Amino acid sequence: MTKRRTAVVAVTTGLATISLGLSFTSAAGAAPEANSLGDLKLIKTKTSLLGKHYWYQQTFKGLPVIDGYYAKHVTKGGGVEIADGRDAVPANLDVSAKVAPATATQSANAVVTAKAQRARIAAPGKSDPQAPAASQGAAQLAVVGGPHARLVWAVTSRSAEGVSRSLVDADTGSVVESKVVSDNVDGRGSVFDPNPVVSEKNEKLTDMNDKNQDVLFLAQKNVVLRNLDGSGKLNGAFVNIKEGNGGLAQSKTNTFVYQRANNKFEQVMVYYHVNQAQEYIQQLGFTEANNESQDFSVDTIRDDNSFYDPSTDMITTGDGGVDDAEDAEVIWHEYGHAIQDDIVPGFGETEEGGAIGEGFGDYWAVTMSVPVSKGFNLPCVMDWDATSYTSTEPHCLRRTDTGKTTDDMTGEVHDDGEIWSNALWDIHQALGRNKANKVILESTFFYAPDTDFAAAARNVVQAARLLYGKPAAAQVTKAFQDRKIL
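Remember, it's a predicted structure, so these values are computed and weren't measured experimentally.

Chemist: So what about the pattern of salt bridges? Which residues, and what values?
Modeler: Here the structure, examined in full by the defined rule, presents 17 salt bridges. Across the salt bridge formed by aspartate 319 and arginine 302, the nearest N and O atoms sit 3.0 Å from each other. On the criterion of sequence distance, the pair formed by aspartate 319 in the loop between β17 (314-318) and α5 (328-343) and arginine 302 in the loop between β15 (294-301) and β16 (306-309) is long-range, its members being 17 residues apart. Here lysine 478 makes a salt bridge to aspartate 482, at a shortest N to O gap of 2.9 Å. Pair noted here: lysine 478 and aspartate 482 are both in helix α10 (residues 470-482), with a separation of four residues, about one helical turn.

Next comes the structure, spelled out in structure tokens:
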């Protein structure tokens, strides 16, 4: 859609109007009828050093007109400048849609996904075989003005390219336009992946009060930070570093390279590893499993603890002992809670539900480690963080292969979570990483907030049967039977 507008200026001095000069030329060269103020909706008022600025959205029969605007700039001396960007809309344009919003969203997402995939294939250094599928944010009826005036669905989608706006003809269902409206960029960073104990295969490493060490410097890995929003901060499509001890990391060149003694190193850890997790989830086919910019508060509590707060949808990491966010498995565990809370609001109301949450978080940390851990002590959870509070090797907060069954339940969610995580790990071993994670994530959509072990296990079995057939369901059933859950 291309249009040609003429600048519109109105100037007043004191009480005498010199020029009102409201003029408009469309691409077709025809001046539309003057719109009444009833066709405008005030959306923003700004104050600058020289005056006040009023921005209006053009509307037609209550619907926004795409890119239609009207601005009034009032100087402190009384001068007024008008910028009129309204488009002509036929008075008889029908604003009842023939195409359903779900259909329009599906069409828009297909176009956005295809564009993202083409961009991923064309871009150098992109090793992912498939870009994550686009997912919807919103579909809203709107009007396109000018010579090709029509009723459209304006669909907002998220993809690997960022946020896109697609216009879908509300009568025919064809995608009229699709463009990226966010400013997503790639940046550079340095991280542990997943942590130095694993990458260096060294159980003797210690924190030394957050001191830089040669062995830890060698454990750092240079990475690409995808899906940044271009703000110069660690914010993007899937991660928002909202708070950070010592201030937020900022870079005009999107270069975030720090040594681990700098608190901003942990912010980079969070951004990279959460982005990796969400991209993986979407590669599995899930576009509505915490597909949002997850808020994080990094290193902001002086305690060796991290947590997800469902009331604020915020993950907070502590800096007691080993800074928690120096261990990707801590980050992934807490992100696991956010995933479940997003899928099932209020999840974990019962003790067994809470244990499922803790067990899934541990399992998610381990399965995310699989591609980078080269098989090193995989069932051990949070190997680096645990060096601060364990004396035996290997250093593990918990494990996913304890062999616990429901006979070992204590009523404490973290302890009992090892029963659930063991079952999930056995499913992982039986079906393979991707199949297991598809089954486990799919089943979560059917959990109740107050579920228990048995009910959730039946959901997992059913998901395996529907996705991969009876043999897979039998393997999943055995995993839960071995834990005496079924």
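Chemist: Please provide a residue-by-residue account of the confidence of the model for the chain, values included.
Modeler: Taken as a whole, the chain shows an average pLDDT of 87; of its residues, 87% reach a score of 70 or greater. In the predicted structure, residues 1-38 sits below a pLDDT of 50 and forms 66 contacts with residues beyond four places in sequence or in another chain. Segment residues 122-129: pLDDT under 50, and eight contacts once partners within four positions in sequence are set aside and those in other chains are kept.

Chemist: Provide a residue-level description of the pairing of strand β6 (residues 80-85), including the pertinent values.
Modeler: The pairing of strand β5 (residues 63-75) with β6 spans six bridges and is classified as antiparallel. Bridged to alanine 71 within β6 is alanine 83. Here β5 hands over to β6 after four residues, with glycine 78 in that stretch at a positive phi of 100 degrees.

Chemist: A description of unusual backbone geometry should follow, citing residues and the corresponding values.
Modeler: Note the cis peptide between aspartate 193 and proline 194, where omega equals -5 degrees. Tracing the backbone through its elements, the reader meets proline 194 in the loop between β11 (185-191) and α2 (196-199). Residue proline 394 follows glutamate 393 across a cis peptide bond; omega there is 0 degrees. Note on placement: proline 394 falls in the loop between β18 (380-381) and β19 (398-399). For lysine 61, which is not glycine, the phi torsion reads 50 degrees and is therefore positive.

Rules used in this analysis
Residues numbered from 1 in each chain as written. Predicted model: local features only at pLDDT ≥ 70, side-chain atom pairs only at ≥ 80, totals over all residues. Heavy atoms only, no water. Salt bridge = Lys/Arg side-chain N within 4 Å of Asp/Glu carboxyl O. Helix = DSSP H or I, 4+ residues; strand = E, 2+ residues; numbered from the N terminus. pLDDT = per-residue confidence, 0-100. Contact = heavy atoms within 4.5 Å. Pairing = 2+ DSSP bridges.

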